[in-house]
Amino acid sequence: MSFDAAALRALIPALKSGSARFDAPGGTQTPLPVVDAIAAALTAPLANRGRATEAERNADRIVVEARAALGDLLATAPETVVFGRSATQLAYDLSRMLAKTWQPGDEVVVTRLDHDSNIRPWVQAAEAVGATVRWADFDPESGELRPEHIEAVLSPRTRLVAVTAASNLIGTRPDLPAVAALAHGVGALLHVDAVHYAAHGAVDLAALGADTLVCSPYKFLGPHLGVLTGRADLLESLRPDKLLPSSDAVPERFELGTLPYELLAGARAAVDLLAELDPLARGSRRERIVASFAALEIHERTLRSRLEDGLAALPGATVYSRAADRTPTLLFTVDGREPADVSRRLTEHGVHAPAGSFYAVAASQRLGLGDGGGVRVGLAPYTDVEDVDRLLSALAEVAA
Ligand SMILES: Cc1ncc(COP(=O)(O)O)c(C=O)c1O
């Protein structure tokens, strides 16, 4: 097993500005092979999907290859990979589709840990049909959302549980297989927001126990679009609103209008890059993805420990990321300092660590941070030890 952050850094033009970037949970910087794949898609002949001309075949090939790549990334069949504008748009579309099958009195579970993108679509879809929303809490002390938190709000009327695979605010990774067993035990579906998780771990739809799942390639070196996948039989059973002449096949049924072929080409390139993060990995692309995430996890754990040790020694700092199982995404505050002020001062030192609640407003409030949140430091595959040391020495000056 091996991991070479320097080799990846060399591929990312945006890092040449010299800043130390900790803003990856908001979106990663883009490597050249992804840019090149986007440019190649747009500079070759390109038309709507078809078989008749080279331009049509190029579009068709891009879609087929992108579905195969995302299928490998998520351990799901390519035919179940749906592309959309963003995870938020796909969650809204899915919530409206599923709500067609809900009755007044049915229940939907959302959690206080989640990004609002995995809360509001479900709340609004439930409201539209008279279903009841039940909120699962998490423990603000440990930052953990445990299966008992979900169990406490389940009932025989629960139709759906929407939960994150990893919090974009504090990194917590709930025990999803246990949550899935509980949800399925009462006959509910499990929808998983894997937008933050997918940047740090190999997603496996079936192993997580998810019925449906979303992620966003721009969080893992790819371009800005969203991906939905789910159990094939479930997707077959759903009937989205769609145009009459457009395909009724799965997954095209769920994709409104023309796909952004160039972004699909970029997403495929990003998956190929992820599969190469461990240059010693061998086997199928899926096998190399799993090996690469294992190598990445070791790299990120080392940096996370260094970061946590530094933050623990920083006078007045409180770190809110405390769950036993979590991504290397740390939220902290400094006594007597506004998070936005700390973030602004870090920027003056060439260190980018944004402040806020990052759309996880309910989680921020539950942590006692109101809507304002804290300073968020997120590691990416291209983060290196120099970045971490620059952050810590800048923080020491800012906090002094
Ligand atoms: C955990 C999580 N879920 C959902 C989203 C929304 O993703 P998108 O921008 O693709 O709608 C984000 C974006 O930051 C996120 O971090």
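For clarity, every value in this text was computed on a predicted model and none was experimentally measured.

S.K.: Explanation requested: the environment of N58 in the structure shown.
M.R.: In this structure, N58 sits in helix α3 (residues 54-74). Remark: the alpha-carbon pair of N58 and A41, spanning 17 residues in sequence, is separated by 7.9 Å. Those residues within four positions of N58 in sequence are excluded, and the remaining contacts are A44, P45 and L46. A polar contact of 3.2 Å, which involves the side chain of N58, links it to the side chain of R61.

S.K.: How should the side chain of S19 be read in this particular structure?
M.R.: Looking at the secondary structure, you find S19 in the loop between α1 (5-9) and β1 (20-21). By relative accessible area, which is 13% here, S19 ends up buried. Engagement of the side chain of S19 in a polar contact is seen with the side chain of H352, the distance being 3.3 Å. Setting aside residues up to four positions removed in sequence, S19 forms contacts with G350, H352 and R390.

S.K.: Can you help me understand the layout of surface pockets in this one?
M.R.: Over the atoms rolls a probe the size of a water molecule, and in doing so it shows where empty space is left. Space inside the largest pocket adds up to approximately 470 Å³. Residue lining of the largest pocket: 29 residues in total, with T88, H115, S117, Y218 and K219 positioned closest to the centre. For the lining of the largest pocket, the secondary structure elements donating two or more residues are α4 (87-99) and α5 (120-129). Broken down by element, the lining of the largest pocket gets its largest block of residues, three residues, from α4. For the lining of the largest pocket, a count of residues per class yields eleven nonpolar, eleven polar and seven charged. Of the volumes computed, that of the second largest pocket is approximately 320 Å³. Looking at the second largest pocket, it is lined by 15 residues, and the ones nearest its centre are S246, E252, E255, G257 and T258. Its residues placed into classes, the lining of the second largest pocket shows four nonpolar, five polar and six charged.

S.K.: Hey, could you run me through empty space enclosed by the protein in this one?
M.R.: By the definition in use, this model includes two cavities of 30 Å³ or more. Here the largest cavity defines a volume of roughly 80 Å³. Lining the largest cavity are R173, H200, E297, E300, R301, R304, R326, T327 and P328. Grouping the amino acids of the lining of the largest cavity by side-chain chemistry returns one nonpolar, two polar and six charged.

Cut-off values and rules
- Counting of residues starts from 1 at the beginning of each chain's written sequence and follows it residue by residue.
- Only residues with pLDDT of 70 or above have their local features reported here, since the model is predicted, and side-chain atom pairs are shown and tallied only from 80 upward, although totals for entire chains, interfaces and linings are computed over all residues.
- To obtain the side-chain values, all non-hydrogen atoms of the structure were used and water was disregarded.
- Only DSSP runs of H or I covering at least 4 residues are called helices, and only runs of E covering at least 2 are called strands; the numbering of each starts at the N terminus.
- Between two residues, a contact is recorded if the distance between any of their heavy atoms is within 4.5 Å.
- Here a polar contact is taken to be a pair of N or O atoms separated by no more than 3.5 Å, where protein atoms must pair a possible hydrogen donor with a possible acceptor and residues adjacent in sequence count only if both atoms sit in side chains.
- The classification of residues rests on relative accessible area computed with a 1.4 Å probe and restricted to protein chains. Under 20% of the type maximum is buried, over 50% is exposed, and intermediate values are partly exposed.
- The distinction between a cavity and a pocket rests on a 1 Å grid over the protein atoms alone: a 1.4 Å probe fits inside a cavity but cannot get out, while a pocket stays open yet meets protein on both sides within 12 Å along at least five of seven lines, and a residue with an atom within 4 Å of a point counts as lining.
- Grid points are joined across faces, edges and corners, and a volume is the space filled by probe spheres set on the points.
- Polar here means any residue outside two lists: the nonpolar Ala, Val, Leu, Ile, Met, Phe, Trp, Tyr, Cys and Pro, and the charged Asp, Glu, Lys and Arg; Gly therefore counts as polar.

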